[in-house]
Structure formats: C-alpha cells, structure tokens
Amino acid sequence: MKKYRLAVVGVTGMVGRTFLKVLEERNLPVSELFLFASGRSADRKLTFMGKEYVVEELTENSFDRGIDIALFSAGGSVSQKYAPIAAEKGCIVIDNSSAWRMDPSVPLVVPEVNPEDIKWNRGIIANPNCSTIQAVVVLKPLYDKYGIKRIVYSTYQAVSGAGMQGYSDLENGLRGEAPKKFPHPIAGNLLPHIDVFTDNGYTKEEIKMINETRKILGDQSLRITATTVRVPVFNSHSESINVELEKPFDLEDLKNTLREAPGIVVQDDPANNIYPMPINATGRDEVFVGRIRRDESVESGVNLWVVADNIRKGAATNTVQIAEKLIEYLDKE
Ligand code: A2P
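Residues numbered from 1 in each chain as written. Predicted model: local features only at pLDDT ≥ 70, side-chain atom pairs only at ≥ 80, totals over all residues. Heavy atoms only, no water.

Peer 1: Please provide a residue-by-residue account of the sheet that holds strand β5 (residues 56–57), values included.
Peer 2: Across a sheet, paired strands are connected by hydrogen bonds in the backbone, their directions being either parallel or antiparallel. Pairing is parallel across the open sheet formed by six strands, whose spatial order is β5-β2-β1-β6-β7-β8. Only two strands of the sheet have a single neighbouring strand rather than two, namely β5 and β8 (124–126). Across six bridges, strand β1 (residues 4–9) lies against strand β2 (residues 30–37) in parallel orientation. Looking across to β2, one finds that V8 is bridged to L35. Running over the sheet, helix α1 (residues 14–26) touches β1, β2 and β6 (69–72) and is turned about 150° from β1. (Pairing = 2+ DSSP bridges. Helix = DSSP H or I, 4+ residues; strand = E, 2+ residues; numbered from the N terminus. Contact = heavy atoms within 4.5 Å. Axes fitted to C-alpha atoms, helices over the stretch in contact; angles between N-to-C directions.)

Peer 1: I'd like a description of a nonpolar patch on the surface, backed by residues and values.
Peer 2: Side chains of Y275, M277 and I279 sit close together on the surface and give an oily, nonpolar patch of about 290 Å² of accessible area. Residue placement: I279 occurs in helix α7 (residues 278–281). Owing to a relative accessible area of 71%, I279 belongs among the exposed residues under this scheme. (Patch = residues over 30% accessible without salt bridge, like charges linked within 9 Å, V, L, I, M, F, W, Y side chains within 5 Å. Areas by Shrake-Rupley, 256 points an atom, 1.4 Å probe, with all protein chains shown as cover. Salt bridge = Lys/Arg side-chain N within 4 Å of Asp/Glu carboxyl O. Buried < 20%, exposed > 50% of the residue type's maximum accessible area, 1.4 Å probe, protein only.)

Peer 1: An account of the site of the ligand is needed here, citing residue identities and associated values.
Peer 2: Residues in contact with the ligand amount to 15 residues; listed here are only the nearest, T12, M14, S38, R40 and S41. Residue S38 places a side-chain N or O atom 2.6 Å away from an oxygen atom belonging to the ligand. Within the backbone of M164, an N or O atom sits 3.4 Å from an oxygen atom of the ligand. Protein contact buries 69% of the 570 Å² of open area that the ligand shows by itself. Residues of the shell around the ligand, tallied by class, amount to seven nonpolar, seven polar and one charged. (Near = heavy atom within 4 Å. Polar contact = N/O pair within 3.5 Å; in protein donor to acceptor, adjacent residues only side chain to side chain. Nonpolar A, V, L, I, M, F, W, Y, C, P; charged D, E, K, R; others polar.)

Peer 1: Give me the lowdown on the domain arrangement of the chain, citing residues and values where you can.
Peer 2: Here the chain is partitioned into domain 1 (4–127 + 315–332) and domain 2 (131–310). Each of domain 1 and domain 2 has a C-alpha centre, and these two points are 25 Å apart. In this assembly, 21 residues from domain 1 lie in contact with 18 residues from domain 2. Here domain 1 packs against domain 2, burying approximately 1600 Å² in sum over the two surfaces, 68% of which is carbon and sulfur. (Domains from an automatic or database assignment. Buried area = accessible area lost by both parts, 1.4 Å probe.)

Peer 1: Tell me about the side chain of N127, residues and numbers included.
Peer 2: If you trace the backbone, N127 turns up in the loop between β8 and α3 (130–146). Of note is the side chain of N127, whose polar atom sits 2.7 Å from the side chain of N318. Side chain to side chain, N127 and T319 meet in a polar contact 3.4 Å long. When residues no more than four places from it in sequence are discounted, the contact partners of N127 are D95, N96, S97, R101, L108, V109, I133, G314, A315, N318, T319 and I322.

Peer 1: Please set out unusual backbone geometry residue by residue, giving values where relevant.
Peer 2: Its identity is not glycine, yet M49 carries a phi of approximately 55°, on the positive side. Following the sequence through the fold, M49 ends up in the loop between β3 (45–48) and β4 (51–54). For M49, a relative accessible area of 45% translates into the label partly exposed. Here the phi dihedral of S236 falls at roughly 85°; this positive angle occurs in a residue that is not glycine.

Peer 1: Summarise the packing of α3 against helix α6 (residues 251–260); cite the residues concerned and give the values.
Peer 2: The interhelical angle for the contact between α3 and α6, taken along N-to-C directions, is 125°, at an axis separation of 9 Å. Between α3 and α6, the angle falls in the class oblique. Both α3 and α6 take part in a crossing whose hand is right-handed. Between α3 and α6, the contacting residues are V138, P141, L142, K145 and Y146 on the first element and D253, L254, T257 and L258 on the second. Here the contact of α3 with α6 is built from residues that sort into six nonpolar, one polar and two charged. (Parallel < 35°, antiparallel > 145°, perpendicular 65-115°, else oblique. Left-handed = near helix turned anticlockwise from the far one by under 90°.)

Peer 1: Give me the lowdown on the packing of aromatic side chains, citing residues and values where you can.
Peer 2: Per the stated rule, a full pass over the model turns up six aromatic pairs. Measuring from centroid to centroid gives 6.3 Å for F48 and Y53, while their planes differ by 65°, and the two rings are edge-to-face. Here F48 matches Y53 in class, with each residue buried. Ring plane angle 65° and centroid distance 6.1 Å describe the contact between Y146 and F249, whose orientation is recorded as edge-to-face. Of this pair, Y146 sits in helix α3 while F249 sits in the loop between β11 (237–245) and α6, and the two are 103 residues apart along the sequence. A single burial state applies to Y146 and to F249, both of which are buried. Each residue in the set F36, F63 and F72 is aromatic and connected to the rest through ring pairs, giving one cluster. Lying over the aromatic face of F249, R294 brings its terminal NZ or CZ to 4.1 Å of the ring centre. (Phe/Tyr/Trp six-rings, centres within 6.5 Å; stacked < 30°, edge-to-face > 60°. Lys NZ or Arg CZ within 6 Å of the ring centre and 35° of its normal.)

Below, the structure is given as structure tokens:
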C-alpha cells in the first residue's frame, strides 16, 4: 500500500486537533506529517501516533516539500490564500472553510452522499458546512427513494462550531463573564444569528445550508429554507428537518430506508424516551436521527430530528473520510 505525505493546516484549532485524533483512529497510510498554524503557535509540540511533531508557521513555502494531501481548517482567508498555493505545488487540499465550497470547479463532498465527485478535483476539494453535512447524510436516501420537493431547516448549533473562542464564551459565560466571540451572552440564552447577516435578512450560515444542500444533492431546483440558531450546548449540532417528499411513503419503510443507509443511526423510541441528543452524539462519527413522524399538514411530509458531532462528522471526520476515499482513488492510478 502506498503511503502519503500529509499536512494539517490550523492544527492547534478545535477542528485541527480533532484531525489528528481521527487520523490516528482511522490509521491512514501516512509516511510523513507536517503541522502548520499561525506564527503564534510556531514551535509548539504535538504528539501523533506516539511521536512528537513541531508546529510550523504557515508560509508560502510550506508546500515546497512534495506534500501529497493537506487538510485545512484555519479559516476562510487562510484557505483563500494558501489552498491555491498548495494545489499549484501538486498537493490536494481538503478544505474545511467556506472559501471554495461554491466554486463550480471545486467538488463539495460528503462521502456517504457523493464520493464520486472527488474524482474531478483540480487540487482543492471542499468539506461542507457542519450543519449541511449531517442533514444531507439523512436526506440522500430519502431523495433517492421518494424524491424531495421542499426542505425546512431549523438548527440548534453548539458553541464549538464557533471555534475555541465560541467554546470559551460559554464556559466563561456560565461563570458570569461577558462574551468575547458572540455579540450577546450565550449562557442561558440562544442567538438566532450564526455568521453574518446578508441583505435579504438571512445569515450566511442559512444561505450556506441552502446552497450547499443543492450542490451536494446535485439538484438546483430543490426548494429550501433555513433558520440557524446558536444554543448554549458545548458540542454537537441538532436540527429539526421538515421534508416534503415527491412520492407517498409508508412510515415504517421510510424508517427502514434510513436504518439501512450508510453513516446513520436511527434512535427513535419515544415510549422509552429514546431520541438523539447532543450529549450522546459527542465523540461519535455517525449521524443520529429520531422523532421520525408524518407531517400531517401536507400530502407527503415527514419531520426528522437529526443530531451529530459537529467537530467530528461535521468537520474533522468528514474531511478524513474524504482523504480516505481520495487515497483509494489515488492508489488505483
Ligand atoms: P493559532 O492557534 O496559531 O492561532 P479555531 O477555529 O478553533 O480557533 O482554530 C483556528 C486555527 O487556525 C488555529 O490552528 C490557528 O492557529 C489557525 N490559524 C489562524 N490564523 C492563521 C494563519 N494566518 N496562518 C495559519 N494558521 C492560522
């Protein structure tokens, strides 16, 4: 089996640290590892597979060493600037920021949904927004079997999605301190505001969910609306997803379709208080779905409650799964 020279950019961050954990767990064929962050973290030491690595400052020359694959999670502006530099030098970037997701020349991939799109990459592959990933894992089997007319997303998103500073705002807020990252206290509160507001009154997070769902499912005609909300939960995003299907369905068949689909765990036993919750999803790589019930206000509608670890399946795990698929394709070349 071939081994690959791998880099992690933004390795000191919330997602970056989890990249290392997931890479270790899944035992990727890594021959050499290079770790990058900002100058603030240069010379910090991190351990991977029992070996110590020194974090380097990311510069324009960082990729001059025959790096095969780089996992990026250092924010949009870093990706905007450095992903093309890396790609130019023959490295394939898997980028967790929103910088390249809607670029028509960049595949946007969830391995359970559209792994084949990896093949047409030109050096950059985008990892979708965390809330989109967990939604499309569940929507894809329904889309294939019943067709989808319309989707209404309402999200309940954890503070870890806003990085280390978001996490600290909740920790410190619980002790009564003022927020630094969010515009209002998050402890004992919730904010119907994720990312910046745009001219039509939607936030960018809401627009990301709409556009990315269409791109990943490959259907620009899908009718979708979204409201995204930050809640005082440390980790794992929850979503209420209302779906109007094209075809009629039997509820048990629909549940079985979800049970058989890859990457999904159905937790749906209301009589025993069993339904997905953030505290149970944290640390897991699957997407959990429950509260599956008919929407009786339309001809063929269903309500779903979908929970996943936003740092793992919503970011690091999905990125590493893309790397695994990419390696599978590269091994065959
Ligand atoms: P650093 O820790 O040196 O600031 P999070 O979103 O969890 O806050 O993580 C952001 C990640 O992106 C961190 O690893 C951070 O490194 C990294 N980062 C921020 N700015 C840059 C930059 N200009 N160049 C490289 N890495 C950066």
